[in-house]
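Listed here are the chains, written in short residue letters.
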Amino acid sequence: MNFHTRKWVKPEDLNPNGSLFGGSLLKWIDEEAAIYAIIQLETQRCVTKFISEINFVSSARQGDIIEMGMEAIHFGNSSMTIKCEVRNKLTHKTILVIDKIVFVSLDENGNPMAHGKKEISYVKDRLKDS
């Protein structure tokens, strides 16, 4: 799993208990997963279809730096399934795990569209084709 995006937990990200508000974290994850899907599927037309059970393992506090890891685990005809883990950057303690986030590639009318992808691709490999 590759960990790319980092966030600094700030006061506006906290819940009344002084820990990271789950809604803020889920917003960050959905955005990061969408960016990951857009890059992998090479289309800006994709949407979140499904998010499996969200397992909050531990909490983050103000001042913590967290990082989000994403990995494509399955490619369907028009979909891609991603696994996500969020961890504390300094301690590597897991904060959250989501086993499945499914994105669907769409055509210009908003209908599912075959994307033709079968495996993870990396920018360095795509640049070789240019």
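Preceding block: the structure.
Note that the coordinates shown come from a computational prediction; the quantities given were computed from them, not determined experimentally.

Here is what the cut-offs are and how they apply
Residues numbered from 1 in each chain as written. Predicted model: local features only at pLDDT ≥ 70, side-chain atom pairs only at ≥ 80, totals over all residues. Heavy atoms only, no water. Phe/Tyr/Trp six-rings, centres within 6.5 Å; stacked < 30°, edge-to-face > 60°. Lys NZ or Arg CZ within 6 Å of the ring centre and 35° of its normal. Salt bridge = Lys/Arg side-chain N within 4 Å of Asp/Glu carboxyl O. Helix = DSSP H or I, 4+ residues; strand = E, 2+ residues; numbered from the N terminus. Buried < 20%, exposed > 50% of the residue type's maximum accessible area, 1.4 Å probe, protein only. Pairing = 2+ DSSP bridges. Core = buried A, V, L, I, M, F, W, Y, C linked by side-chain atoms within 4.5 Å. Contact = heavy atoms within 4.5 Å. Polar contact = N/O pair within 3.5 Å; in protein donor to acceptor, adjacent residues only side chain to side chain. Expected span 1.5 Å × (residues − 1).

S.K.: How would you sum up the packing of aromatic side chains? Please name residues and give values.
M.R.: On inspection of all chains with the given rule, the structure shows zero aromatic pairs. One cation-aromatic arrangement involves Arg87 over Phe3; the distance from NZ or CZ to the ring centre is 3.6 Å.

S.K.: Got a sec to walk through the pattern of salt bridges? Specific residues and values, please.
M.R.: Tallied over the full model, the rule gives six salt bridges. A salt bridge links Glu67 to Arg87, with the shortest nitrogen-to-oxygen separation between them at 2.6 Å. Of this pair, Glu67 sits in strand E4 (residues 65-75) while Arg87 is found in strand E5 (residues 79-88), placing the two residues 20 residues apart along the sequence. Among the residues examined, Arg87 registers a relative accessible area of 18% and is labelled buried. In this structure, the salt-bridge partner of Lys89 is Glu67, at a minimum N-O distance of 3.7 Å. With Lys89 in the loop between E5 and strand E6 (94-105) and Glu67 in strand E4, this residue pair connects regions lying 22 residues apart in the sequence. Residues joined by salt bridges that share partners form a network here, namely Arg6, Glu67, Arg87 and Lys89.

S.K.: Break down the pairing of E4 for me, with residues and values.
M.R.: The pairing of strand E1 (residues 2-8) with E4 spans six bridges and is classified as antiparallel. Its bridge partner being in E4, Phe3 is matched across the sheet by Gly69. Where E4 lies against E5, nine bridges are found, and the strand directions are antiparallel. In the strand pairing of E5, Ala72 is matched with Ile82. Here E4 folds back onto E5 in antiparallel fashion, the turn holding three residues.

S.K.: Break down the nonpolar core for me, with residues and values.
M.R.: Core analysis: the largest hydrophobic core is formed by 25 residues, its most contacted members being Leu25, Ile29, Ile66, Met80, Ile82, Val86 and Ile101. Elements that contribute at least two residues to this core include exactly helix H1 (22-41), E4, E5 and E6. If one sorts the elements of this core by residue count, H1 sits on top with seven residues. Other than its neighbours up to four places away in sequence, Ile101 contacts Ile29, Ala33, Thr48, Phe50, Ile51, Met80, Thr81, Ile82 and Cys84.

S.K.: Run through the environment of Glu85, naming residues and quoting values.
M.R.: For Glu85, the location among the structural elements is in strand E5. Through-space distance from the C-alpha of Glu85 to that of Glu67 is 8.4 Å; in sequence the pair is 18 residues apart. Every residue in contact with Glu85, bar those within four places of it in the chain, is listed here: Met1, Phe3, Glu67, Met68, Gly69, Thr94, Leu96 and Val97. Polar side-chain contacts of Glu85 include one of 2.8 Å to the side chain of Thr94.

S.K.: Could you give me a rundown of H1, with the residues and numbers involved?
M.R.: Helix length check: H1 (20 residues) gives 28 Å between terminal C-alpha atoms against 28 Å at 1.5 Å per residue, within 8%. Within H1, burial applies to Ser24, Leu25, Trp28, Ile29, Glu32, Ala33, Tyr36, Ala37, Gln40 and Leu41. Directly beyond the C-terminal end of H1, a positive phi value near 55° is found at Glu42.

S.K.: Got a sec to walk through the environment of Asp107? Specific residues and values, please.
M.R.: Considering the arrangement of structural elements, one finds Asp107 in the loop between E6 and helix H2 (123-128). What makes Asp107 buried here is its relative accessible area of 16%. Residues Asp107 and Arg45, 62 residues apart in the sequence, show an inter-C-alpha distance of 6.9 Å. Ignoring sequence-local partners within four residues, the contact set of Asp107 consists of Arg45 and Met113.

Without other data, these values stay purely geometric and don't point to any function.
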